[in-house]
Structure formats: structure tokens, C-alpha cells
Amino acid sequence: MNDSDSTGGGTGAGMGGATTPGTTGGPDADAPQGAGADVRAAGAGAQGASAGVREAAGAGAQAEEGGVREAAGAGAQAEEGGVRAEGVGVLPEPAREIAAGYAVSGAALDLGALLWDGACLPDAQIRIPLAMLNRHGLVAGATGTGKTKTLQLIAEQLSAGGVPVFLADIKGDVSGIAAPGAPGDRVTGRAGQVGQVWEAKGFPCEFYALGGIGPGIPLRATVTSFGPVLLSKVLQLNRTQEQSLGLIFHYADAKGLELLDLKDLRAVVAFLVSDTGKAELKEIGGLSTATAGVILRSITAFEQQGAGDFFGEPEFDTAELLRQAPDGRGLVSVLELAAVQDKPQLFSTFLMWLLADLFHDLPEVGDLDRPKLVFFFDEAHLLFNGASKAFLESITQTVRLIRSKGVGVFFVTQTPRDVPAEVLAQLGNRVQHALRAFTPDDAKALRSTVKTFPNSPYDLAELLTRLGIGEAVITVLSENGAPTPVAATRLRAPQSLMGPYPAAELDAAVKGSALYGRYAQAVDRESAYEKLSAGQEARCRAAEAEVAEAADRAAVEEAVRGEKARGAGKAAEGAAKEDTSLVEQVVGSGMFRSLARSVGTQLGREISRSLFGTARRRR
């Protein structure tokens, strides 16, 4: 069978449904981008192209359209736009076996073309069946190897296939998926090498920002829905403190104290270690003052980092992530994190909250022909660093069970070792970009990564250090759920803008969204803080009333005693008048009055100094 390279900016065999050498005879699925009708081969070595390119039958037949000339046959060459590639001829046996593992009869995503023995083989297309995207996956590789563009490539095709996508934009350059890409020599060259018909396209997007910090619709969650396990991760609490925080949440739920924002949580913690609140938790273990102090200090430090904006109402409804655009394409939800990338533990944990909330709300659906949502978890290593056992167990359970609810999760990180083995075991699809081996630790990580791949004809230890930008080693699940052969792949070029969406257009898209009016303005309704504050005020008023009542009782008793004393005084008054004492005579004398005036003047001066705060000068 003769195979011809397809080159140039957007035409060529092997694109969108070309029959893969060595595969079954059935036609492959169209590319989700809508590349056009299947390319059919009629006769030995014959080739054709979709969208009006005439089919040629017979060896050596030629077809021409719009100045593009394709030649089929052994050793044929194709040329377009100045890009020239030699025909690959018959695929080598190992390459043919690898290509056969990626034959897909249903809908699929096109990732790129097979690399074998230093050559790119555009007739050997590497694909992921769309139905297998809810089996989760891993995109790994060193910095600068093209992981972000791989996300963009997969997200575009998912959207085109009607599947909603969630992307975390750490560096601010994924937002370009909303705008058509810019053609150029590099794009044209890559498209020609991998047999891609490239067309500039933008995709429907919603832009979000955590708490409204940065461009995007504000994304908030209540403290109650965030829960003690995730919050302990963010506050960097140890196991004992995490358990105490769980006790605090339990008390708040039982007493109807809504924990909406961080001041609510702080108020409940302070109440439970107060004289009034200590008895509330006595029967279930209590809360130590030392632990409460650690939690309160952690909350305060967290707020000082600006995290208070992330908690509150209106809480984001994660069902918004499952929508489609009016034209049937899946909506791409882009969470802009560039403004908070100095708070990695917060945003990684917040992403986990989004996933956990989806898991809680979605019904069981079993296996679907396409996922309800594919969730990309960028900088995944930040999520697992220092995680408690309870936290890891929660992640593992969520990832394992959310598949049956139609959600696929892709973790994006630098090395597979960043992801715990329990989570890694749940991931069926893998795109491994290049790794570096500059240090002993790098070399160890490389050896560990090689061991996680199935046996293959490649020397993976060497290959993984030689891959170029936009190249990767891939293994996915086939349509019947079996792992595909390991395939070194040159990836396709994204059709959208490979860079940030212009700021003015992004701002207009945010404010023009129907969701902006729903989530833009924060709301602070009555919750635990207000209820406990009102209770404290009521207790203070009650205490003041008790004090006043006691004072009234004392005044009445004093009045009664005084009345009795006055009655006794009147009886003795007559006798007192008859006998003027010696003391009265002395007091009435002029000498005594002069002495009294002198003493009174000195005493009044001392009293005045004390009232105005003027201390006597020391000598």
C-alpha cells in the first residue's frame, strides 16, 4: 500500500477519517473539528481529499484543486505553500501494529501523527475515542514542552464535539481559545507534517475568576459547602486540628449556624472557647483553647492574603459548567488564575471543591457515548503536596466514582510521581511530553516514568529525553477499553489563538455574559456571625438587666432601713436639744472655723488633681 505525506497549511491525506494502514477495513470517525467527508482510497495507492478534492483511482493517479497537487504512489511527493515532504511509502511492521491500535470506528479526537524511526507518518493517526474521555487521564512533561497547547488542542475538539470543558488558566494564556488562531509558517509546517487541515477557529467560552480577583465572573463558595477536609488543606492544619475543625462544622450544622464566609467560622470558633460556649462541646470531646488558637490564627493569616473574597454568596452553581453554546458546541469554562498564582494551595483546593460539588450533584449515568464534562486539573502537584490521609482518600474516591457520572478528569503536572499511586491507577489515558534528566533526581524520575508504561518497541528512556516541543508519548484506552500501544506522536496545532485573549475583548465577554449579573455582586445575609453577635448582645442586655434589678432591690432595702433609722432619730432628738455638748461649743468657736477653712482648701486641691489626672510631683 502506498502512502503519501500531506503537507502545507491545511490539506493532505491522513486527516479526519483517512484509512489507517494495517487497521480494520471500516472507515474511521470524522475529526471533531468537522474536517469534512471521509477520505477514501480506491485502488492501489490511490488517494483523495475531502471538500471537493476529486478522488483519483489507479496507481499513480493525480488530482489537483486550487493549486494543490497531490501525487499518490510509491515514493510520491506532495508540495503546497512551499512546504515539501517525501512520501512515507509502506509503513514498517512495528509502526503498522501501533497504528492498528488507534483505529476508531466511532467519534474520536485526533491528537497527531505517529513518529517512527525519526520520521513523522501522517497516514498513521493517533486518536482517543470520545467515549473513553471519562476514563480520566494525565498530561505530564517538563516546563516548556507543550502541555498547555495539548490541553488547548483536546479542549477545542471536545467543544466541537458538543462536550463542555473546564480549564484552569494558571498563566493567563489559555484564554486565547476564544479567538481564532493566527496562521503562519510554523502552523502551516506542523499541519503539513501531521496531515492536518488547519482552519483558524475560536470556541464559545465563559471566563471566571476566584472571588472576582482578576478578569472573570466571580467564583465563590460558602465555608459550609467547602467543608472541613478541604478547608484544613487550605489552612495547612495537622490531623488533630483537622478533626477539631470537623467538630466545629458539626456543631454549626446542628445549631443552624450558617457558615457562609470566614467571619462566620471565626465567630463560631471564638464562641466555643468562651465561658458561655465551652459547655456546648463538652459531651463530644470539647475544643481545646490551644487548637482553637491555631485555627483562628490560620484563618486570620488566610484572610490577610485576600482569601476572604473566595468565600461567601452567591455561591457558584457548578451546573453552569455543563452547558452548551446555542450552536451545539460545548462551552469552554476558563478559570483565570493568573492574579492568584501566588496562592497555589488555595486555587488547587478550590478546583477540588468544584469537582467534589459536581460529584455530589450529578446522577449516575454509566457509560455514555461522550462525556458530560471534561475537567482539566492544571498544576496538580500543588493539590497533593502535604495532603492529609483524609484528603487523599477523598480525592481518590471522587476520581474513581465520578466516571460513572459522565465526568472525565485530566491531571496536568510535570511528572507522574506528582500524583499519588492510588489516583494514578484511576487514569486510563496518558500524554507524556519530554522529561529532563539533568540531576540524579531527574534521572530517578525518568526511570520511574518509563516503568509506568506498557512494553513497547521504543527505547522510552532515550525517547522521553529527545522529544521536541509539541511531541509526546501517548497511550490511551481503545473503544473496547484495552490500553493502546505506546505511540510517539507529533501533535497537531491548535486552531484557536495560542496566547492570551486581548484584555478589552475578554472584559467585554465577561460583562456581556448572562451569568455576570447573577454572580458579580457579593451578598452578606444573616448567618453564624450575626446570630452569635445578636446572642451576645442579648446576653449582655440580660446581664445589665440583672444588675439593674439587683441595684433596685438594694435601693429599696436601703430606703426601708433609712426610714426605720429616721423614726429612732426623732425619738432621741428631744433629749439631744436639752443637752448641748462640749463638742458643739468647740465647733461653734471662731478658732475652729478658721482651722477648718485652712484644712478644706488643702483637701480640695488634692481632690482636683486626682480628678483631672494630674499626679503630685515627686521630690
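Please read these numbers as outputs of a predicted model, since none were measured by experiment.

Trainee: I'd like to hear about the overall build of the chain, residue by residue, with values.
Mentor: Of the regular secondary structure elements, the chain holds 18 helices and 16 strands. Evaluated residue by residue, the chain yields a buried proportion of 48% over its 619 residues. Restricting the contact set of the chain to residue pairs at least 6 apart, pairs at least 24 apart contribute 73%. Split by element, the accessible area of the chain, about 28700 Å² in all, is 53% carbon and sulfur.

Trainee: Go over the side chain of Ser-513 with me, naming the residues and quoting the values.
Mentor: Inspection of the secondary structure puts Ser-513 in the loop between α14 (503-511) and α15 (516-519). When its relative accessible area of 11% is taken as the criterion, Ser-513 is described as buried. Within polar-contact distance, the side chain of Ser-513 engages the backbone nitrogen of Leu-515 at 3.1 Å.

Trainee: Explain a positive patch on the surface to me, and be specific about the residues and the numbers.
Mentor: On the surface, Arg-417, Lys-444, Arg-447 and Lys-451 cluster together into a positively charged patch. Tracing the backbone shows Lys-451 in helix α12 (residues 440-451). Relative accessible area serves as the criterion here: at 72%, Lys-451 is assigned to the exposed category.

Trainee: Mind laying out the confidence of the model for the chain, listing which residues take part and the relevant values?
Mentor: A low pLDDT score tells you not to read the predicted coordinates there in detail. For the chain, mean pLDDT is 78; residues scoring 70 or higher make up 74% of the total. Note on residues 601-619: pLDDT under 50 across the span, and three contacts to partners over four residues away in sequence or across chains.

Trainee: Can you explain the nonpolar core? Please cite residues and give values.
Mentor: One finds Leu-158, Leu-265 and Phe-411 to be the most contacted residues of the largest nonpolar core, which totals 140 residues. Ranked by residues supplied to this core, first place goes to helix α8 (residues 344-361) with nine residues. Those residues in contact with Phe-411 that sit more than four places away from it in its chain are Gly-137, Leu-138, Val-139, Phe-377, Ala-380, Phe-384, Val-399, Val-423 and Leu-427.

Trainee: Could you give an account of helix α5 (residues 239-254), naming the residues involved and the relevant values?
Mentor: In this model α5 runs 23 Å from its N-terminal to its C-terminal C-alpha over 16 residues, within 8% of the 22 Å that 1.5 Å per residue would give. All of the buried residues along α5 are Gln-241, Glu-242, Ser-244, Leu-245, Leu-247, Ile-248, Phe-249, Tyr-251 and Ala-252. Among the structural elements, α4 (223-235), α6 (262-272), α7 (289-304) and α10 (389-402) are those in contact with the buried residues of α5. Near the N-terminus of α5, the side chain that reaches the backbone nitrogen of Thr-240, with its oxygen 3.1 Å away, is that of Asn-238. Gly-256 sits one or two positions beyond α5 and adopts a positive phi of about 70°.

Trainee: Could you give an account of the pairing of strand β5 (residues 108-116), with specific residues and numbers?
Mentor: Counting buried positions along β5 yields nine of nine residues, so the element is predominantly enclosed. Of the strand pairs in this sheet, β5 and strand β6 (residues 119-129) are connected by eight bridges, and their pairing is antiparallel. The partner of Leu-109 across the bridge, within β6, is Ile-128. In textbook terms, the turn of a hairpin is the stretch between consecutive antiparallel strands, and for β5 and β6 this stretch comprises two residues, one of which, Asp-117, has a positive phi near 55°. The pairing of β5 with strand β16 (residues 487-491) spans three bridges and is antiparallel. Bridging from a neighbouring strand, Gly-112 pairs with Leu-491 of β16.

Trainee: Pulling in residues and values, what's your account of the pattern of salt bridges?
Mentor: Scanning all chains against the criterion turns up 19 salt bridges. A salt bridge links Arg-135 to Asp-367; its shortest N-O distance comes to 3.3 Å. With Arg-135 in the loop between β6 and β7 (137-140) and Asp-367 in the loop between α8 and β12 (373-377), this residue pair connects regions lying 232 residues apart in the sequence. What makes Asp-367 exposed here is its relative accessible area of 55%. Among the ionic pairs, Asp-524 bridges to Lys-263, the shortest N-O distance being 3.1 Å.

Trainee: Can you break down unusual backbone geometry residue by residue, with the values?
Mentor: For residues other than glycine, phi is negative in most cases, and the peptide bonds are mostly trans. With an omega dihedral of 0°, the bond running from Glu-313 to Pro-314 counts as a cis peptide bond. Checked against the element boundaries, Pro-314 lands in the loop between α7 and β11 (332-336). Even without being glycine, His-136 reaches a positive phi, approximately 70°. Turning to its location among the elements, His-136 is positioned in the loop between β6 and β7. Despite not being glycine, Gln-236 shows a phi value in the positive range, around 60°. The residue Gln-236 is located in the loop between α4 and α5 in this model. On the basis of relative accessible area, Gln-236 is assigned to the exposed category, the value being 60%.

Trainee: Lay out the environment of Glu-313 with the relevant residues and their values.
Mentor: Here Glu-313 is to be found in the loop between α7 and β11. Residue classification places Glu-313 among the buried residues on the basis of a relative accessible area of 16%. Distance from Glu-313 to Arg-220, taken between C-alpha atoms, is 6.5 Å for residues 93 residues apart in sequence. The residues touching Glu-313, leaving out its near neighbours within four places in the chain, are Arg-220, Thr-222, Leu-260, Ala-522, Val-523 and Arg-525. A polar contact is formed between the side chain of Glu-313 and the side chain of Arg-525, at a distance of 2.7 Å.

Trainee: Kindly report on the packing of aromatic side chains, identifying the contributing residues and their values.
Mentor: Any aromatic ring pair is given by two values, namely how distant the centres are and how the planes are angled relative to each other. Summed over all chains, the structure comprises 14 aromatic pairs. Taking 5.8 Å as the distance between ring centres and 20° as the angle between the ring planes, the aromatic pair formed by Phe-207 and Tyr-501 counts as stacked. Here Phe-207 is found in strand β9 (residues 205-210), whereas its partner Tyr-501 is found in the loop between β16 and α14, with 294 residues between them in sequence. No difference in accessibility class separates Phe-207 from Tyr-501, as the two residues are buried. An aromatic cluster of at least three residues, connected via ring pairs, comprises Phe-166, Phe-375, Phe-377, Phe-384 and Phe-411. The ring of Phe-453 is capped by Arg-430, whose NZ or CZ atom sits 3.9 Å from the centre of that ring.

Trainee: Give me the sheet that holds β7: which residues, what numbers.
Mentor: Pairing in this open sheet of twelve strands is mixed, and the strands run β6-β5-β16-β15-β14-β7-β13-β12-β8-β11-β9-β10 from one edge to the other. The outermost strands of the open sheet, each flanked by one partner alone, are β6 and β10 (217-219). Going from strand to strand, the sheet's axes swing by 30° on average, the running direction of each strand aside. Where strand β8 (residues 165-169) and β12 come together, three bridges link them in parallel fashion. Paired with Leu-167 across the bridge in β12 is Phe-376. Packed on one face of the sheet, helix α2 (residues 147-160) meets β5, β7, β8, β11, β12, β13 (407-413), β14 (429-432) and β16 and runs near 140° to β5.

Trainee: Residue-level account of the pairing of β12, with values.
Mentor: Among the five residues that make up β12, five are buried, leaving the element largely enclosed by the rest of the structure. Of the two faces of β12, the one holding Leu-373, Phe-375 and Phe-377 and the one holding Val-374 and Phe-376 are both buried throughout. Bridge count between β12 and β13: five bridges; the pairing is parallel. Note on β13: the bridge partner recorded for Phe-376 is Phe-410.

The rules behind each value
Residues numbered from 1 in each chain as written. Predicted model: local features only at pLDDT ≥ 70, side-chain atom pairs only at ≥ 80, totals over all residues. Heavy atoms only, no water. Helix = DSSP H or I, 4+ residues; strand = E, 2+ residues; numbered from the N terminus. Buried < 20%, exposed > 50% of the residue type's maximum accessible area, 1.4 Å probe, protein only. Contact = heavy atoms within 4.5 Å. Areas by Shrake-Rupley, 256 points an atom, 1.4 Å probe, with all protein chains shown as cover. Polar contact = N/O pair within 3.5 Å; in protein donor to acceptor, adjacent residues only side chain to side chain. Patch = residues over 30% accessible without salt bridge, like charges linked within 9 Å, V, L, I, M, F, W, Y side chains within 5 Å. Salt bridge = Lys/Arg side-chain N within 4 Å of Asp/Glu carboxyl O. Lys, Arg positive; Asp, Glu negative; His and termini not counted. Charge placed at Lys NZ, Arg CZ, Asp CG, Glu CD. pLDDT = per-residue confidence, 0-100. Core = buried A, V, L, I, M, F, W, Y, C linked by side-chain atoms within 4.5 Å. Expected span 1.5 Å × (residues − 1). Pairing = 2+ DSSP bridges. Phe/Tyr/Trp six-rings, centres within 6.5 Å; stacked < 30°, edge-to-face > 60°. Lys NZ or Arg CZ within 6 Å of the ring centre and 35° of its normal. Axes fitted to C-alpha atoms, helices over the stretch in contact; angles between N-to-C directions.

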